[in-house]
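Residues per chain are reported as follows:
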Amino acid sequence: MKLIILDRDGVINHDSVKFIKSADEWEPISGSIKAIANLTQIGYTVVVCTNQSGIGRGIYGMEELNEMHEKMHKLVTNAGGRIAAIFICPHTPEDNCDCRKPKPGMIYEICERFNVTNITKIMLVGDSERDLHAIEIAGGIPILVKTGNGKKTLNKSTIPPSTLVFDNLLAVSEYLIAKEEEEYEK
């Protein structure tokens, strides 16, 4: 199985320091929906893995989060893509849970759900250090996009040295398409 994990805020949709609190505020980053469709069409199972501490902080509830995700699913489906699952951590950093990135709990849960036995081939696309560290700890491939907090993250000396860097999610999908074509031609 080819599985790719995507962070949500700053990778698929625009982020905000004030939190994305409703479907109206949830706006896709240019090219991100097409990127998910591309990934689906070349055989990737696409899973979203997102910290949503706004729930734990009481800023928005599960109903609002579900409406945001319904909007995302609809846009992706209309573009010819599919998101197989969305994993969320509703906790605040103070909760010190195992599922909040940079801890790898959600990644392990995703791998268990999709019967992944070799995490070394699993990629996580994120825009923050915590995304990169979560997949590095789990043993997978960290990918940084320069959208969201990505440009700030790129300047940090503590990102994993094996991190692949792209301008955005669409560029990641185009890279993987080219890689697939290369493999096919061999």
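You'll find the structure just up there.
Not measured: the values here are computed from a predicted model.

> For this particular structure, what's the right way to read the side chain of Asp-127?
Its place among the elements puts Asp-127 in the loop between strand E4 (123-126) and helix H5 (129-138). Within the buried core, Asp-127 has no salt-bridge partner, and the shortest N-O distance to an opposite charge, that of Arg-130, equals 6.3 Å. Other than its neighbours up to four places away in sequence, Asp-127 contacts Asp-7, Asp-9, Gly-10, Val-11, Leu-144, Val-145, Thr-147, Gly-148, Asn-149, Gly-150 and Thr-153.

> Just checking my understanding: could you explain the pairing of E4 for this structure?
Remark: a regular strand shows side chains that alternate across the two faces of the sheet. By the alternation rule, side chains of E4 split into Met-123 and Val-125 and Leu-124 and Gly-126, which are all buried. For strand E1 (residues 2-6) and E4, the ladder comprises three bridges, and the chain directions are parallel. Bridge pairing in E4 links Ile-4 to Met-123. With H5 bridging E4 and its parallel neighbour strand E5 (residues 141-145), the resulting β-α-β unit is right-handed.

> Whenever I open this one, the pattern of salt bridges confuses me. Can you help?
Side chains carrying opposite charge are able to pair once their charged atoms draw close together. Per the counting criterion, the structure on display carries nine salt bridges. Taking the shortest distance from any N to any O, the salt bridge between Lys-101 and Asp-7 comes out at 2.9 Å. Taken together, the positions of Lys-101 in the loop between strand E3 (83-89) and helix H4 (105-113) and Asp-7 in the loop between E1 and helix H1 (32-41) put the pair 94 residues apart, joining distant regions of the chain. There is no split in this pair, since Lys-101 and Asp-7 are both buried.

> What's the story with the pairing of E5 in this structure? I'm lost.
The buried fraction of E5 amounts to four of the five residues, a majority that puts the element mostly inside the structure. Examined bridge by bridge, E4 and E5 share four bridges and lie parallel to one another. Counted as the bridge partner of Leu-124 is Pro-142 from E5. Looking at chain direction, E5 and strand E6 (residues 164-166) are connected through three bridges and run parallel. Residue pairing for E6: Ile-143 is matched across the bridge by Leu-164.

> How do you make sense of H5 when you look at a structure like this?
Residues three or four positions apart in an α-helix share a direction because the helix packs 3.6 residues into each turn. With respect to burial, H5 is a largely interior element, seven of its ten residues being buried. Those residues of H5 that sit buried are Glu-129, Asp-131, Leu-132, His-133, Ala-134, Ile-135 and Ala-138. Count one or two residues on from H5 and you reach Gly-139, which has phi positive near 100 degrees.

> Looking at this structure, how should I read the packing of aromatic side chains?
Each aromatic ring pair is characterised by the separation of its centres together with the angle its planes make. Within the structure shown, the criterion is met by one aromatic pair. Each ring, one from Phe-166 and one from Tyr-175, has its centre 5.1 Å from the other, and the planes form 50 degrees; the classification is tilted. The exposure class of Phe-166 is buried, given its relative accessible area of 14%. The residue whose ring lies beneath Lys-2 is Tyr-44, and the NZ or CZ to ring-centre distance is 4.8 Å.

> What is the right way to read the sheet that holds E3 from this model?
Sheets are built from strands paired through backbone hydrogen bonds, the pairs being either parallel or antiparallel. Taken in spatial order, the six strands make up an open sheet running E3-E2-E1-E4-E5-E6, and their pairing is parallel. Only two strands of the sheet have a single partner each, and these edge strands are E3 and E6. Shown here is a sheet whose adjacent strand axes are inclined to one another by a mean of 25 degrees, direction ignored. With five bridges connecting them, E1 and strand E2 (residues 44-51) associate as parallel partners. Of the residues in E2, the one forming a bridge with Ile-5 is Val-47. Strands E2, E4 and E5 of the sheet are contacted by H5, whose axis makes an angle of about 165 degrees with E5.

> Sorry, what's going on with H4 here?
Buried within H4 are the following residues: Gly-105, Met-106, Ile-107, Ile-110 and Cys-111. For H4, the elements touching its buried residues are E1, E2, E3, E4 and H5.

Reading the values: the criteria
In this convention, every chain numbers its residues from 1, walking through the sequence in written order. Only residues with pLDDT of at least 70 get local features here, since the model is predicted, and only at 80 or more are side-chain atom pairs given and counted; chain-wide, interface and lining totals rely on the full set of residues. Processing note: side-chain calculations cover all non-hydrogen atoms of the structure and skip hydrogens and water entirely. The way it works is that DSSP assigns letters per residue, a run of H or I at least four long becomes a helix, a run of E at least two long becomes a strand, and they are numbered from the N terminus. Each residue is assigned to one of three classes by its accessible area relative to the maximum for its type, calculated with a 1.4 Å probe on protein chains only: buried under 20%, partly exposed between the two thresholds, exposed over 50%. In this tally, Asp and Glu contribute negative charge and Lys and Arg positive charge; neither His nor the terminal groups of the chain are included. Take a side-chain nitrogen of Lys or Arg and a carboxyl oxygen of Asp or Glu: if they are within 4 Å of each other, that pair is a salt bridge. By definition in these notes, contact holds between two residues if any of their heavy atoms fall within 4.5 Å. Whether two strands pair depends on DSSP finding at least two bridges between them. For crossovers, right-handed means that the path from the first strand over the helix to the second runs clockwise, given strands pointing away from the viewer. Side-chain rings of Phe, Tyr and Trp, where Trp is taken by its six-membered ring, are said to pair if the distance between their centres is within 6.5 Å; with planes under 30 degrees apart they count as stacked, over 60 as edge-to-face, and otherwise as tilted. The rule for a charge over a ring is simple: NZ of Lys or CZ of Arg within 6 Å of the ring centre, and within 35 degrees of the ring normal. To get an axis, a line is fitted to the C-alpha atoms, and for a helix only the part in contact is used. The angle between two axes follows their N-to-C directions and goes from 0 to 180 degrees.

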